[in-house]
Every structure is written in structure tokens, then in C-alpha cells.
Amino acid sequence: GEGLLCHATRCLTCDNVSRHREPFLHLSLSAAPARLGARRPPRCSIEDALSAPQQLAATLRGADKYACGECCALCDANRTTSHVRAARVLVLHLRPGRCERA
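Below, the structure is looked at part by part.

Thresholds, definitions, all that
Residues numbered from 1 in each chain as written. Predicted model: local features only at pLDDT ≥ 70, side-chain atom pairs only at ≥ 80, totals over all residues. Heavy atoms only, no water. Helix = DSSP H or I, 4+ residues; strand = E, 2+ residues; numbered from the N terminus. Buried < 20%, exposed > 50% of the residue type's maximum accessible area, 1.4 Å probe, protein only. Contact = heavy atoms within 4.5 Å. Core = buried A, V, L, I, M, F, W, Y, C linked by side-chain atoms within 4.5 Å. Polar contact = N/O pair within 3.5 Å; in protein donor to acceptor, adjacent residues only side chain to side chain. Pairing = 2+ DSSP bridges.

**Structural notes on the overall build of the protein chain**
Scanning the protein chain from N- to C-terminus turns up two helices and eight strands. The linear arrangement of helices and strands in the protein chain, starting from the amino end, is β-β-β-α-α-β-β-β-β-β. A total of 102 residues make up the protein chain; the buried ones form 24% of that total. Restricting to contacts in the protein chain with at least 6 residues of sequence separation, those with at least 24 account for 62%.

See below:
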């Protein structure tokens, strides 16, 4: 079956929080690329990538402003994502980037 994500968005103007759930079958994660000349690549587990702060939080501003229903305007906002339920079969897309441990 599908997994389930919960997105919580907090408007930075009025502090209203909206939540919505989203089913998923695949996730795209940042993974650390091997460094040239390094003896071995940095250790980063799938668990590290799934719980990394950049995977779970984002600030919406500029062209990505949040349409707040309380303010009736486009506002800066903070969005956090949590994993509610894992998918039975999960497809991971690993994209180059930094892998940080939570």
C-alpha cells in the first residue's frame, strides 16, 4: 500500500497552521556524493537521509509564498513534513547533495 506524509504549514504573518496528508509511493532524498580523492565516501544511511532537517522542513518565500486562507494573501511560511505511515514498497530516488544527520 501507499505511504502517508503529513505537511504542516505555519503562516509567518498570522501563525495559522494548516495540515494536509499526501499519499506517496516514492521519495526523493539528498545523498552525499563521493568526494574525489577520498578513501571512502561519507557514511550516510537511508535513515539519516529520511530524517535530515532539509528533507523535513522548508521555508516558503518569494515565488514560493504560501496562500494563507486566514490572511487571504500570499505569505511567507514554514512547512514541515512528517512520515505518518511507510509504504509497503518504497522507491527511493537519491539525488546529489548533502546528507546531514538529524
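**Structural notes on the nonpolar core**
By size, the foremost hydrophobic cluster in this structure holds six residues: Cys-11, Leu-60, Tyr-66, Cys-68, Cys-75 and Ala-77. Apart from residues lying up to four places away in sequence, Cys-68 is in contact with Cys-11, Cys-14, Ala-73 and Cys-75.

**A short note on the side chain of His-7**
For His-7, the position within the fold is in strand E1 (residues 3-11). A distance of 2.5 Å separates a polar atom in the side chain of His-7 from a polar atom in the side chain of Glu-22. Reaching out from His-7, the side chain makes a polar contact with the side chain of Thr-81 at a distance of 2.9 Å. The contacts of His-7, once residues within four sequence positions are left out, are Ser-18, Arg-19, His-20, Glu-22, Arg-79, Thr-80 and Thr-81.

**Regarding the pairing of strand E7 (residues 77-85)**
Residues in a regular strand project their side chains so that they alternate between the two faces of the sheet. Relative to E7, E1 runs antiparallel, the two sharing eight bridges. Along E7, the bridge assignment pairs Leu-4 with Arg-85. Judged from the four bridges that link them, strand E4 (residues 57-60) and E7 form a sheet pairing that is antiparallel. Bridged to Leu-60 within E7 is Ala-77.

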